[in-house]
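Summary of structural features
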Protein chains: 2
Amino acid sequence: MNDMMPHWLTQQAFLSPNVTAIELENGNQITFSELKQRSQEMAYQIATYGIHEGDHVAILSKNDPKMIITIHALSYLGATVVLLNTRLTPSELQYQINDANVSLLIYHDDFNDKVKQLFIKDSLSFVELKSLSMSTEVTLKKEIRLSDPFTIIYTSGTTGFPKGVIHTYGNHWWSAISSALNIGLSKTDKWLAVLPFFHVGGLSIFLKSVIYGMPVYLMEKFNVSKVNQAIVENQVTMISVVTVMLQRLMEQLGDNRYPDTFRGMLLGGGPASKQLLEQAKQKNIPVFQSYGMTETSSQIVTLSAHDALRKIGSSGKPLLPAQIKIHRETSDGIGEIYVKGPMVTNGYYNNDKANEELFEHGWLKTGDLGRIDKEGFLYVVDRRNDLIISGGENIYPTEIEHVLERISHIREVAVVGKKDDTWGEVPVAYVVCDTETLTEDNIIDYAKRHLASYKVPKQIIFLDELPRNASNKILRHELKALLQAKK
Amino acid sequence: MNDMMPHWLTQQAFLSPNVTAIELENGNQITFSELKQRSQEMAYQIATYGIHEGDHVAILSKNDPKMIITIHALSYLGATVVLLNTRLTPSELQYQINDANVSLLIYHDDFNDKVKQLFIKDSLSFVELKSLSMSTEVTLKKEIRLSDPFTIIYTSGTTGFPKGVIHTYGNHWWSAISSALNIGLSKTDKWLAVLPFFHVGGLSIFLKSVIYGMPVYLMEKFNVSKVNQAIVENQVTMISVVTVMLQRLMEQLGDNRYPDTFRGMLLGGGPASKQLLEQAKQKNIPVFQSYGMTETSSQIVTLSAHDALRKIGSSGKPLLPAQIKIHRETSDGIGEIYVKGPMVTNGYYNNDKANEELFEHGWLKTGDLGRIDKEGFLYVVDRRNDLIISGGENIYPTEIEHVLERISHIREVAVVGKKDDTWGEVPVAYVVCDTETLTEDNIIDYAKRHLASYKVPKQIIFLDELPRNASNKILRHELKALLQAKK
């Protein structure tokens, strides 16, 4: 019985009918009452396509309120929502659609051309949806069972085939609750959502919204000045960003500061530098660094703004119901990061092999390397498969990257291992910089001054930009392939 | 797997080691780190009495930090805590101790004389506990399973035999989380605990404390000026009280107001009058009326301060994960209140018969009568067994009481049904007033002006005080018995 609760959106529409659920850039607002009504109407419309409880329905959409309404609509039908990354190629989309047994694809009309190239039983654009009649033969869900699946999101495939992470309602619920226990909850909160909603980090803001009864400021695309304006003038109190966004927001802000009403910037995608954090402090921006992955339904470890400058490079401590440990740590305390908690997925869809490898005694093996200091703060050292082993010494690319990033005019660095007859592997740095005057020698000289000799890149390769996948992760294996090709 | 989390106190001591967990009236403070250490040490001491997982250990104590430490200590052993009401007579205590299969009683030395009169396998006073050595043969719990039992609290027996309500860790967890979703959560929160800790309303504050990482200001006894001082000068932001306390706090406050830092007064034990709520507003006291019972692990329905004056007499709306409905409503919309939610108990200890009667299709039957208005606000009309039926008309004593309470100098009223040959039952009012000049005729005249004739009390009986049980509930059946005796 403890597994059931009233449908979040229905209940929030009952408790806070006139509170704003979604605020749009054009100033329009959707209340919880309206959001419920529109979601239920759409549920009745989608039902005409024969969608039942347990069916898998994919959504391909940019950041748009209709995408959120569709997610709630499918939830009212008990269907599982497969969220597709709009940056994927048709064949990548096709793979996920087949793998997830999708029976209907609902899409934003902007992606009409892409959808035409897909083989899919049924598809339905937002525009087509509008004119559908409503089914009278379906009963919408009144309650949510926390153990039921809600969404499937594929993990970005930096290596191998993508895997569909199943999130139950409970995973999302616990993620939202754990976040509230961590950063608090206020009736004046308003969260800005600009990260893609097809990623769990973007999606989670809209689930927090219905669970907290909190308005979300919905932004289609990241626009530096618009984000700053929403925070400074439009009472946005929270925002989730990645490091590069924080940097650009601060540049645009100039000498201005964020208002005291702004409560927090939740930072994903790797630790921020000391310099960045000091700047943020000057500008009255409380930064909460975090560590998480699709499998943990958003952040699972967070560094409070209070500890930010005391624990540079750390991702913080686990959320209250969560636990972390380091598996098989070496003499330097580094090992694989294991995580556990009610926001952690129970496994991938239809992938017994991966699921068997994923868990050990109830702990999820992240594949990431890290260490935990004496106070219990986690430091993510590297992605396991990026480890460079040179002459028996372990080299973590991130460490080298962080050193090189301190050099003026260097905007981005990616270090990978290059095969070497003598040492096995040696580190090589790919660098993006905004000047012509910086040379390979300059950079190597700087590295020599700050790194043990075996960690100094043996080669610096300048690129206009780093190759990234649809999820914006650097494709290290492509850089490695590039190295082999150049040899 | 979603059922497990790290032990709350251990985790909070890890996340917030130096944050104050308990603040005492003498100014002393106990941090979460110290609270953990003292609780774990006591767990090792209690273990020398052979207490194991699943054992039932009772606590008999006034409001004292050692009581809280004992509760956490027993939790580390996986024992179930039976909380005894200190106001009970020895034979009432004996009944609960036997019924709950208690194998050890831990008690405050103030109750030494009472304990001497009890038949109990083992007992241990706080002073005796101090000098116990620590067991080396026990492993303390590192994790909590939400479905495991944590506490047993007997429902105050206004009728029949008391029943032991089992609260799982999950019931308490959901209660705390639901409250946070309702009134928010701030790092500056500090909750004043003065209601008895052996009641779920008092206990719940200390569980919120370890779940939120929030300080509790611990007060042994209700002292009007000390409570006001703690709020005005000592940064207390939240307090749980019953109506009579609110009244006294406002009287003592005089023309002063509560500071803006004060966030809320959680009011249990029946709705407040319009006059009281208007006064509270003037004094900057946000009042959150609530409805709940031991079986719902504290409040399950709450009226926001925002709606207080708009919905006089209402207990509000259910907490986010909870639901309420009216069973078999009559033409006036009144019926039995049914509740559902993850904070609702799964049942009484060792009482199959009561448990069978307690639930209907997953809903708990409260036995209380109420109605729900069009906006979904609950109005508790009366306790079911207080209903007076006169000439086929339903009379709810509360309605009459509220009318008579408006008369100057009347401090308390209780209305009960008196057997009547013509009408079946007629209402009779017991009145406590602070003047000699008020007469039966005065009161009946007033009632006639405000009530339908069948609702006007046929008799007014003056008392120095109303008979109440250990939980401060009016003993209506004693008043009824008094009537029979007088006849």
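Residues numbered from 1 in each chain as written. Chains lettered and ligands numbered in written order. Predicted model: local features only at pLDDT ≥ 70, side-chain atom pairs only at ≥ 80, totals over all residues. Heavy atoms only, no water.

**Some details on the nonpolar core**
Counting residues in each nonpolar core, the largest one holds 168 residues, and the members touching the most others are Trp8(A), Trp173(A), Trp8(B) and Trp173(B). Ignoring any residue separated from it by four or fewer positions in sequence, one finds Trp8(B) in contact with Ile144(B), Leu146(B), Phe150(B), Tyr169(B), His172(B), Trp173(B), Leu207(B), Val210(B) and Ile211(B). (Core = buried A, V, L, I, M, F, W, Y, C linked by side-chain atoms within 4.5 Å. Buried < 20%, exposed > 50% of the residue type's maximum accessible area, 1.4 Å probe, protein only. Contact = heavy atoms within 4.5 Å.)

**Notes on the packing of helix H10 (residues 243–253) of chain A against helix H11 (residues 274–282) of chain A**
When two helices pack together, their arrangement is given by the angle between the helix axes and the distance between those axes. Residue and element names in this part refer to chain A. Packing of H10 against H11 leaves a shortest axis separation of 11 Å and a crossing angle of 45 degrees. The angle between the axes of H10 and H11 places the two elements in the oblique class. Our pair here, H10 against H11, has a crossing hand that is left-handed. Counting all contacts with H10, which are made through Thr-243, Leu-246, Gln-247 and Met-250, the residues of H11 involved are Leu-276, Gln-279 and Ala-280. In terms of residue class, the contact of H10 with H11 is built from 4 nonpolar, 3 polar and no charged. (Axes fitted to C-alpha atoms, helices over the stretch in contact; angles between N-to-C directions. Helix = DSSP H or I, 4+ residues; strand = E, 2+ residues; numbered from the N terminus. Parallel < 35°, antiparallel > 145°, perpendicular 65-115°, else oblique. Left-handed = near helix turned anticlockwise from the far one by under 90°. Nonpolar A, V, L, I, M, F, W, Y, C, P; charged D, E, K, R; others polar.)

**Considering the interface of chain B and chain A**
With 40 residues of chain B at the interface, the matching set in chain A holds 40 residues. At the surface where chain B touches chain A, the tally comes to 2 salt bridges. When the shortest N-O distance is used, the salt bridge between Glu143(A) and Lys340(B) registers 2.8 Å. Scanning the region where chain B abuts chain A turns up 15 residue pairs in polar contact (both at pLDDT 80 or more). Within the residue set of the side of chain B that touches chain A, elements represented by two or more residues are strand S1 (4–6), helix H1 (8–15), helix H7 (169–183), helix H8 (200–212) and strand S17 (317–318) of chain B. Of the residues contributing to the side of chain B that touches chain A, the split by class is 24 nonpolar, 11 polar and 5 charged. (Salt bridge = Lys/Arg side-chain N within 4 Å of Asp/Glu carboxyl O. Polar contact = N/O pair within 3.5 Å; in protein donor to acceptor, adjacent residues only side chain to side chain.)

**A word on the domain arrangement of chain A**
Residue and element names in this part refer to chain A. Domain annotation of chain A identifies domain 1 (4–381) and domain 2 (387–485). Spacing between the C-alpha centres of domain 1 and domain 2 amounts to 31 Å. Of the residues lining the interface, 13 residues belong to domain 1; the matching set on domain 2 comes to 13 residues. Summed over both sides, the interface of domain 1 with domain 2 buries roughly 1000 Å², with 54% coming from carbon and sulfur. In this structure, the connection of domain 1 to domain 2 is made through 0 salt bridges. Our enumeration of links across domain 1 and domain 2 arrives at 1 residue pair in polar contact (both at pLDDT 80 or more). When the residues that make up the side of domain 1 that touches domain 2 are grouped by side-chain class, the tally is 5 nonpolar, 5 polar and 3 charged. (Domains from an automatic or database assignment. Buried area = accessible area lost by both parts, 1.4 Å probe.)

**Quick word on unusual backbone geometry**
Glycine aside, a negative phi is what most residues show, and trans is what most peptide bonds show. All names here are of chain B. Here the phi dihedral of Gln-235 falls at roughly 60 degrees; this positive angle occurs in a residue that is not glycine. Note that Gln-235 resides in the loop between helix H9 (224–233) and strand S13 (238–242). Although it is not a glycine, His-409 adopts a positive phi angle of roughly 75 degrees. Positionally, His-409 belongs in the loop between helix H13 (397–405) and strand S25 (410–420).

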